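Fold and geometry: a report
Okay, here's what each chain looks like letter by letter:
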Amino acid sequence: MKKLSALLALIAILSLTMALMASANTPNLSAYADISTMEPTKDVTPEMLDAYKVENVQIAPFPNTADGNILASTVNGQDSYVIYKFTATEGNVFKGMTLKSYASVYDWGQPPVGNKFGVYVKETDDFNFETDTPVDGASGMVQKKNHTWKLDKEVEGKSEVYVCIYFVNNSEFIDWVRFYSFDITSTEKSLTPETEPETKPVTTEKPVVTEPDVTTEAPVVDTTVTTDVQTNEGSGDAEPAPVNPIAIILIVAAALIAIVVIVAIIKIMKK
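Residue positions are given per chain, counted from 1 along the sequence in the order it is written. Per-residue local features of the predicted model are confined to residues with pLDDT of at least 70, and side-chain atom pairs are confined, for both listing and counting, to 80 or more; whole-chain, interface and lining totals are unaffected and use all residues. Side-chain numbers here rest on the full set of heavy atoms in the structure, without hydrogens or water.

The subject of this paragraph is the nonpolar core. In terms of nonpolar packing, the biggest core is built from 37 residues, with Leu 49, Tyr 84, Leu 151 and Phe 179 touching the most fellow members. For this core, the leading source of residues is strand β6 (residues 92–105), giving five residues. Throughout, a contact is declared for two residues whenever any of their heavy atoms are within 4.5 Å. Those residues in contact with Phe 179, other than ones at most four positions away along the chain, are Ile 35, Ile 70, Leu 71, Ser 101, Tyr 102, Ala 103, Val 105, Phe 117, Ile 165 and Phe 167. Buried residues of nine kinds, namely Ala, Val, Leu, Ile, Met, Phe, Trp, Tyr and Cys, make up a nonpolar core once their side-chain atoms join them within 4.5 Å. Only protein chains enter the accessibility calculation, which uses a 1.4 Å probe. A residue is then buried if its area is under 20% of the maximum for its type, exposed if over 50%, and partly exposed in between. Only DSSP runs of H or I with at least four residues qualify as helices, and only runs of E with at least two residues qualify as strands; both kinds are numbered from the N terminus onward.

This is how it looks when you write it as structure tokens:
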């Protein structure tokens, strides 16, 4: 019985390891969350918003409107954010990205209370909202309507990016900073640029004219046109994509784990 339990444990460990390795480079190109239809709760998880990480957010009812429920700060006056992680398909990089959100960020305070909002894009998730610069045009106060922010400049040429939707509600009212939905989509392009076929210029030799001998024979004109056309169409094949060193490490690690598990199984079976 002990042998069987140990064998099952080894198989489980191997299966988990292989699953984690397989998901390490899984492409993630889009995200969507319709908060207006979600049930109110203060226990918001990243999975609920199709996100990577969340902080200080709640789904709350918003009275006196037919727009539905909202995403708002759990504790006003503190940083709130939703972070999305996107990974391009292997061999590709991002070409562009678009964030759409039905949102409202107001500050009716007299004087203003200092509500904040900004969209940030980085290649890591270590955001610093005091020093990082938000996406141009995606910060400050926004009217209650559908907004579209282009993130092309921030993501182009990158294989992995983090998009952070950051806000602070410094008022005493939950609805002064609110979001009803998030919809993020992206486009990709090949990491290896396409090569154009090489074509050599066409050369044409001038005709050769032989002067006639006026003393003996009638004029003879010899005109010869030689056209030398050389073209090199090329194969049109792009250079092979560079080898991903992380993928090689993962493959080697998987092989070593498999060997260790097999050896352990053999030892257990011999006991």
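With that settled, the discussion passes to the confidence of the model for the chain. The predictor rates its confidence in each residue with pLDDT, a number between 0 and 100. Mean pLDDT over the chain works out to 79, with 66% of the residues at or above the 70 mark. Note on residues 16–24: pLDDT is under 50 here. Beyond four places in sequence and across chains, it has seven contacts. Confidence drops under a pLDDT of 50 for residues 214–243, and excluding neighbours within four residues, the segment shows 37 contacts in the predicted structure.

A few words now on the environment of Phe 127. Counting through the fold element by element, Phe 127 comes out in the loop between β7 (116–122) and β8 (142–150). In this structure Phe 127 comes out as buried when scored by relative accessible area, which is 14%. Taking the C-alpha atoms as reference points, Phe 127 and Ile 83, separated by 44 residues in sequence, lie 9.7 Å from one another. Those residues within four positions of Phe 127 in sequence are excluded, and the remaining contacts are Ile 83, Tyr 120, Val 121, Lys 122, Asp 132, Tyr 162 and Cys 164.

Glancing now at the pattern of salt bridges. In what follows, salt bridge is the name for a side-chain nitrogen of Lys or Arg lying within 4 Å of a carboxyl oxygen of Asp or Glu. Applying the stated criterion to the full structure yields six salt bridges. Of the charged contacts in the structure, one is a salt bridge between Lys 144 and Asp 67, with a shortest N-O distance of 3.1 Å. Of this pair, Lys 144 sits in strand β8 while Asp 67 sits in the loop between β3 (57–60) and β4 (70–73); the two residues are 77 residues apart in sequence, bridging distant segments of the chain. Assessed through its relative accessible area of 24%, Asp 67 is described here as partly exposed. Put simply, Asp 126 and Lys 122 hold a salt bridge, and the shortest N to O gap is 3.5 Å.

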